[in-house]
Amino acid sequence: DTPAAAYKPSMTTLGEIKVEIPGRKADDPVISGEEFQRAATIYFERCAGCHGVLRKGATGKPLTPDITRELGYDHLINFITYGSPAGMPNWGTSGELSEDDVDLMARYVLMEPPAPPEFGMPQMKESWKVVVAPEDRPTKKMNDIDIDNLFSVTLRDAGQVALIDGKTYDIHAIIDTGYAVHISRISASGRYLYVIGRDAKVNMIDLWMDPPATVAEIKIGSEARSVETSKFEGWEDKYAIAGSYWPPQYVIMDGNTLEPLKVVSTRGNIYDEQTYHPEPRVASIVASHYHPQFIVNVKETGKILLIDFSDLKNLTTTEIEAERFLHDGGFDSTHRYFLVAANARNKVAVVDTKDEKLIAMIETNGATPHPGRGANFVHPVYGPVWATSHLGDESVALIGTDPEGHPDQAWKLVQSFYALGGGSLFIKTHPNSHHLYVDAPLNPDAEVSASIAVFDTSTMTEEEPEFKTLPIGEWAGIPEGQPRVVQGEFNREGTEIWFSVWNSKDKVSAIVVVDDETLQPKKVIKDSRLITPTGKFNVFNTRSDVY
Ligand code: DHE
C-alpha cells in the first residue's frame, strides 16, 4: 500500500472472505461465483472501512442496490476510476485497481451485499492462545528497559510493533502482531501492552520479560480498531476489552490471559431515527477513571455505552444518546470528561464520566473533526481547553473544559484557527510543553503532508495565532517516495516529540524526534526494520491518559 491509499484497509493480508452469493434477481449483472468472491474480498479490504460491510454508509456514501442501480453501471465505473473531491479515492487512475477490477467492482455493487460470517465465542476460543501462562511469567522486571519511557510503534504493513527506547532510541524488540496494528494501550500497572490489528487480532505483550514478548493472543472478529484495559482503582489490569467493526460487537476479556468472557453485539437502533441498523461498528474505547466502566463509542447508532464490568453476569450499561458517526476521542486534563468526535456530523460530544451523562454536543466549525485523543492545554485567555484538528479542512477547534474556573467558556467552541491544511489526522501537546503540533498527512500537497504546524500556546490571544512549519519529511532525508508525516507522540518527560515519516513499504521510512524547546530535529531514527511506521504510543503517557 502507498500511504495515499492507506486511509482504508489494504489488500492481501486480511485474506479471502468467504461469502454466499445472495439470491440472484432477473436483472442482476452477470458475475461468476469466483468473481463475486474476489469482489467481496476487495470490497471488504478497500471499501468497507468507509461505506460499511453492508454498504449502509458512514464516512462514505451508502451503496445499497436501490441507490447503485439508480446511479447505473457507467456512473459507478467513472466514480471508482476517478474518485471525488469529497474523499472517494481515485482507484482506477491511481493504478490501485486494474480496469478489469474497476469493472468487477461496478458490477458487484449493483448486487445485494453479502454479509461475512459472524464471529462469536466459539471462534474466539478457537483462536485464543496463552503463550506464556501467568504462573510461568517473571515475578519481577527481567530487563533494564525504562518501561515508562518506551514507545510502542506500529509497523503497519509489516504486521509488527517495534518497542523503541525513549532515551537511547534503541529498538528493544520487534514483535509480530496482527496486520496494521491500529492502536496500543497499556495496562494500569504499566506491565502489559495490548495491541489490536485491523484483522482483529489482539496481542498481549509482557514488558517485564527480556526481551518483551507476546504472552497471549486472540482474534475477536474479522475487522477491528480498538482495545483498552481496566483502569479504575481496584480493577487495575483485571480486564481488557476490544471492539470490532465486523461483526459489530465488543468482547470483555480476562486482563491476564485474554480469555474471552463476554461478547456483546452492538446491533440495534439509531439513537435519533430509532430505526434498526445491522452494522453499528465499535469505534474508540477508553477506560473510566471514576467507575469500573469501559466507555464504548458505537459509530452508526450514535450511542456512547458506559459498560460497568464489576458484575459481568448482570451487566449494567448506561446507553447515552449522542450523535451518529462517533469515531475518536479522549479525556480532558482532569480525566473526568470524555470528548469524542461525531466526525461526519462535525460535532464533538462531551460525557461527564463521573455523573455518567452527556453534558454537551458542540459544533466544531470545521469539516470532519479528527482529534485522535485530542490535546489539552491552558489557553492564556480561555483557560483549560481541549483541541481537535479536522480531516476535511485546515481548521483547529478549541473547546473550553473548565466548568468551575471558566464557566462561560465550558463546553463551548472558544476559538477556531487555521493550521497548515486539510487532511489532518492528529494533534498533540503535553503538560510540560507550550507547543501544539498539528499534522496533515492526508493533504494532497506533498510538501504539506510532509510537514507539521506548531503553535506557541503560551502566547495565544483572541486573535488568529501564527504557526511555524516544521519540514519533518525533509529532515528525515529520505531519497525516494512521497512519505507522509503522521501522529506526534511525546516522550515521558514532555521534552521531545516523535513523528512518523510514513513511506510505502518498499521504501525507507523514519521517525523524526523533535526537541520541544528548540523545535529542531534531535534524532532521525532509521532502521531497515522500521517498515511503514504510523501510530506511536509512549507507555507512561498512554497509560496515564496524558495528551
Ligand atoms: Fe485510525 C485511531 C478508525 C484510518 C491511524 N482509528 C483510530 C480510532 C478509530 C479509528 C475508531 C480510535 C481508537 C481508540 O482510540 O480506541 N482509522 C479508523 C478508520 O475507520 C479509518 C478512518 C479507515 C479505515 O478503514 O481504517 C482509519 N487510522 C487510519 C489510517 O489510515 C491510519 C493513519 C494508519 C493506519 O493504521 O491505517 C490510522 N488511527 C490511527 C492511529 C490512531 C487511530 C495512529 C490512534 C491515535 C491516537 O493518538 O490515539
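Cut-offs applied
The residue count restarts for each chain, going from 1 along the sequence in the order it is written. With pLDDT at 70 or above as the cut-off, local features in this predicted model cover only qualifying residues; side-chain atom pairs require 80 or more to be listed or tallied, and sums for whole chains, interfaces and linings still use all residues. Hydrogens are left out, water is left out, and the side-chain values use all remaining heavy atoms of the structure. Between the rings of Phe, Tyr and Trp (Trp by its six-membered ring), a pair exists once the centres lie within 6.5 Å; its type follows the angle of the planes, with under 30 degrees stacked, over 60 edge-to-face, and the other angles tilted. In this text, helices come from DSSP runs of H or I with a minimum length of four residues, and strands from runs of E with a minimum of two, each type numbered from the N-terminal end. Between buried and exposed lies partly exposed: a residue is buried under 20% and exposed over 50% of the maximum accessible area for its type, with that area taken using a 1.4 Å probe on protein chains only. Counted as donors are N, O and S atoms no farther than 2.8 Å from the metal, or 3.2 Å for Na, K and Ca; water is not among the atoms, and sites may therefore look incomplete. In what follows, salt bridge is the name for a side-chain nitrogen of Lys or Arg lying within 4 Å of a carboxyl oxygen of Asp or Glu. A pair of strands counts as paired when DSSP detects no fewer than two bridges linking them. Interaxial angles span 0 to 180 degrees and are taken between N-to-C directions of axes, which are lines fitted to C-alpha atoms, for helices over the stretch in contact. Contacts are assigned to residue pairs with any non-hydrogen atoms lying within 4.5 Å of each other.

Caption draft 1: Inspection of the packing of aromatic side chains at higher detail. Applying the stated criterion to the full structure yields 14 aromatic pairs. A ring pair is formed by Phe151 and Trp498, whose centres lie 3.6 Å apart and whose planes are at 5 degrees; its orientation type is stacked. A residue pair is termed long-range when its members are at least 10 positions apart, and Phe151 in strand β2 (residues 150-155) and Trp498 in strand β32 (residues 496-502) qualify at 347 residues. Like Trp498, Phe151 is buried. Centre to centre, the rings of Tyr437 and Phe490 are 5.9 Å apart; their planes meet at 70 degrees, and the pair counts as edge-to-face. Of this pair, Tyr437 sits in strand β28 (residues 435-438) while Phe490 is found in strand β31 (residues 484-490), placing the two residues 53 residues apart along the sequence.

Caption draft 2: The coordination of the iron atom of the ligand, seen in detail. Exactly one protein atom donates to the iron atom of the ligand; that atom is His182 (NE2), 2.0 Å from the metal. Relative to the elements of secondary structure, His182 occurs in the loop between β4 (171-176) and β5 (183-186).

Caption draft 3: Local environment of the pattern of salt bridges. Under the defined criterion, the tally for this structure stands at 27 salt bridges. A salt bridge links Glu217 to Lys129, with the shortest nitrogen-to-oxygen separation between them at 3.3 Å. Linking Glu217 in strand β8 (residues 213-219) with Lys129 in strand β1 (residues 129-130), this pair joins segments that are 88 residues apart in sequence. Sharing partners across several salt bridges, the network here consists of Arg185, Glu228, Lys231 and Asp545.

Caption draft 4: Geometry of the sheet that holds strand β10 (residues 239-246). Pairing within the open sheet is antiparallel, and its four strands lie in the order β9-β10-β11-β12. The strands lining the two open edges of the sheet, one partner per strand, are β9 (223-229) and β12 (260-265). Adjacent strand axes in the sheet meet at a mean angle of 20 degrees when their direction is disregarded. In terms of strand pairing, β10 meets strand β11 (residues 249-254) through six bridges, oriented antiparallel. Note on β11: the bridge partner recorded for Ala242 is Val251. Running over the sheet, helix α1 (residues 33-51) touches β9 and β10 and is turned about 60 degrees from β9.

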